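# Remarks on the overall topology
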Amino acid sequence: MASAKASDTQLSLLFIDLDRFAIINDSLGHSVGDTVLKQLAQRLSAQLNLTATLSRTGGDEFCLLLPSIDSTQVTRMAQQLLDIITYPVDINERRLTLTASIGIAFFPDHGRNVEQLIQSADAALAQAT
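Presented here is an overview of the structure given in this document. (Residues numbered from 1 in each chain as written. Predicted model: local features only at pLDDT ≥ 70, side-chain atom pairs only at ≥ 80, totals over all residues. Heavy atoms only, no water.)

## Some details on the pattern of salt bridges
Where charged atoms from two side chains of opposite charge come close, those side chains can pair. Using the following cut-off: Salt bridges are identified by distance alone: a Lys or Arg side-chain nitrogen within 4 Å of an Asp or Glu carboxyl oxygen. Between buried and exposed lies partly exposed: a residue is buried under 20% and exposed over 50% of the maximum accessible area for its type, with that area taken using a 1.4 Å probe on protein chains only.
Throughout the structure, instances matching the rule amount to 1 salt bridge. Note that Arg 95 is salt-bridged to Asp 90, the shortest N-O span being 2.8 Å. Judged by its relative accessible area of 44%, Asp 90 falls in the partly exposed class.

If you want it as C-alpha cells, here you go:
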C-alpha cells in the first residue's frame, strides 16, 4: 500500500472463497481437501505475474494483491481466476469441480489503510455469494 500511495497508483485486493469446500473435507477427508488446495494454489500462482501476491488466508480462502492494475484488468483477471478454479481437479481417481466467489476492493477508493481495504473486500465477497 505504501508503494501504491507513493506512486499514486491503484492497488487491488481480491478475496477468493471456495464455495461449499467443506463438503470435500467432510466427504473425502482433510488430506484430499489439502491436496485440492495445493493444486489450486499452484494453478492460481502460475496465472499471476511476479508483482502479484497470493496467500491462503485460512480454510478455503485466498487473498490476492494486484498492484498497478486498473478495474477493467482486475475484472478480467477475476474471471480468469474463476475459470481456473472451475477446471476439474483429479485426485484419487475422482474428478472434483470447484466454484468460487470473489470480492474486490481497490486502494485508495475502498480503503486508505489495510483494515478498511480488507473490510471492503470482505463486504464485496459477501455480496458476491
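## Comments concerning the nonpolar core
Just so we agree on the cut-off: Put simply, a nonpolar core is a bunch of buried Ala, Val, Leu, Ile, Met, Phe, Trp, Tyr and Cys residues held in one set by side-chain atoms that sit within 4.5 Å of each other. Put simply, DSSP H or I for four residues or longer makes a helix, DSSP E for two residues or longer makes a strand, and each gets a number counted from the N terminus. Contact criterion: two residues are considered in contact whenever any of their non-hydrogen atoms come within 4.5 Å of each other.
Ranked by size, the top nonpolar core spans 29 residues in total, and within it Leu 14, Leu 18, Val 36, Leu 81 and Ile 85 carry the most contacts. Residue assignment for this core shows that the elements contributing at least two residues are strand 1 (11–18), helix 3 (30–47), strand 3 (61–67), helix 4 (71–86), strand 4 (89–91) and strand 6 (100–107). Here the element with the most residues in this core is helix 4; it accounts for 6 residues. Not counting chain neighbours up to four residues away, the residues in contact with Leu 14 comprise Phe 62, Cys 63, Leu 64, Leu 66, Val 74, Ala 78, Leu 81, Ile 102, Gly 103 and Ile 104. By size, the runner-up hydrophobic cluster in this structure holds 10 residues, among which are Leu 13, Phe 15, Ala 121 and Leu 125.

## Re the side chain of Asp 19
Selection criterion: In summary, the charge assignment counts Lys and Arg as positive and Asp and Glu as negative, without counting His or the chain termini. Within 3.5 Å is the distance limit for a polar contact, defined as a pair of N or O atoms, with the added protein rule that one can donate a hydrogen and the other accept it, and that residues adjacent in sequence qualify only through two side-chain atoms.
Within the secondary structure layout, Asp 19 lies in the loop between strand 1 and helix 2 (22–28). Buried charge without a salt bridge: Asp 19, with Arg 20 as the nearest opposite-charge side chain at an N-O distance of 4.8 Å. For Asp 19, the side chain forms a polar contact with the main-chain nitrogen of Ala 100, separated by 3.3 Å. Beyond its immediate chain neighbours, meaning those up to four positions away, Asp 19 contacts Thr 99, Ala 100 and Ser 101.

## Focus: the pairing of strand 1
Counted only if it meets this: At least two bridges found by DSSP between two strands is the condition for calling them paired.
Most of strand 1 is tucked away: 8 of the 8 residues are buried. Every second residue of strand 1 is oriented toward a common face, with Leu 11, Leu 13, Phe 15 and Asp 17 on one face and Ser 12, Leu 14, Ile 16 and Leu 18 on the other, all of them buried. Bridge count for strand 1 against strand 3 is 7 bridges, and the pairing is antiparallel. Residue pairing across strands places Leu 14 opposite Leu 64, the latter belonging to strand 3.

## Section: the environment of Gln 47
Tracing the chain through its elements places Gln 47 in helix 3. Judged by its relative accessible area of 34%, Gln 47 falls in the partly exposed class. In this structure the C-alpha to C-alpha distance between Gln 47 and Ile 84, which are 37 residues apart in sequence, comes to 8.7 Å. In contact with Gln 47, other than residues within four places in its own chain, are Met 77, Gln 80, Leu 81 and Ile 84. Of note is the side chain of Gln 47, whose polar atom sits 3.2 Å from the side chain of Gln 80.

## Brief notes about the sheet that holds strand 1
In plain terms, the rule: Here the axes come from fitting lines to C-alpha atoms, over the contacting stretch only for helices, and the angles between their N-to-C directions go from 0 to 180 degrees.
Spatially, 2-3-1-6 is the arrangement adopted by the 4 strands of the open sheet, whose pairing is antiparallel. Edge positions in the open sheet fall to strand 2 (53–58) and strand 6, since each of these has one partner strand only. Here the strands of the sheet are splayed against their neighbours by 20° on average, with no regard to which way each runs. Most of the contacts of helix 3 go to strand 2, to which it runs at about 155°, and overall it touches strand 1, strand 2 and strand 3. Packing of helix 5 (residues 114–128) onto the sheet brings it into contact with strand 1 and strand 6, and relative to strand 6 it is tilted by some 145°.

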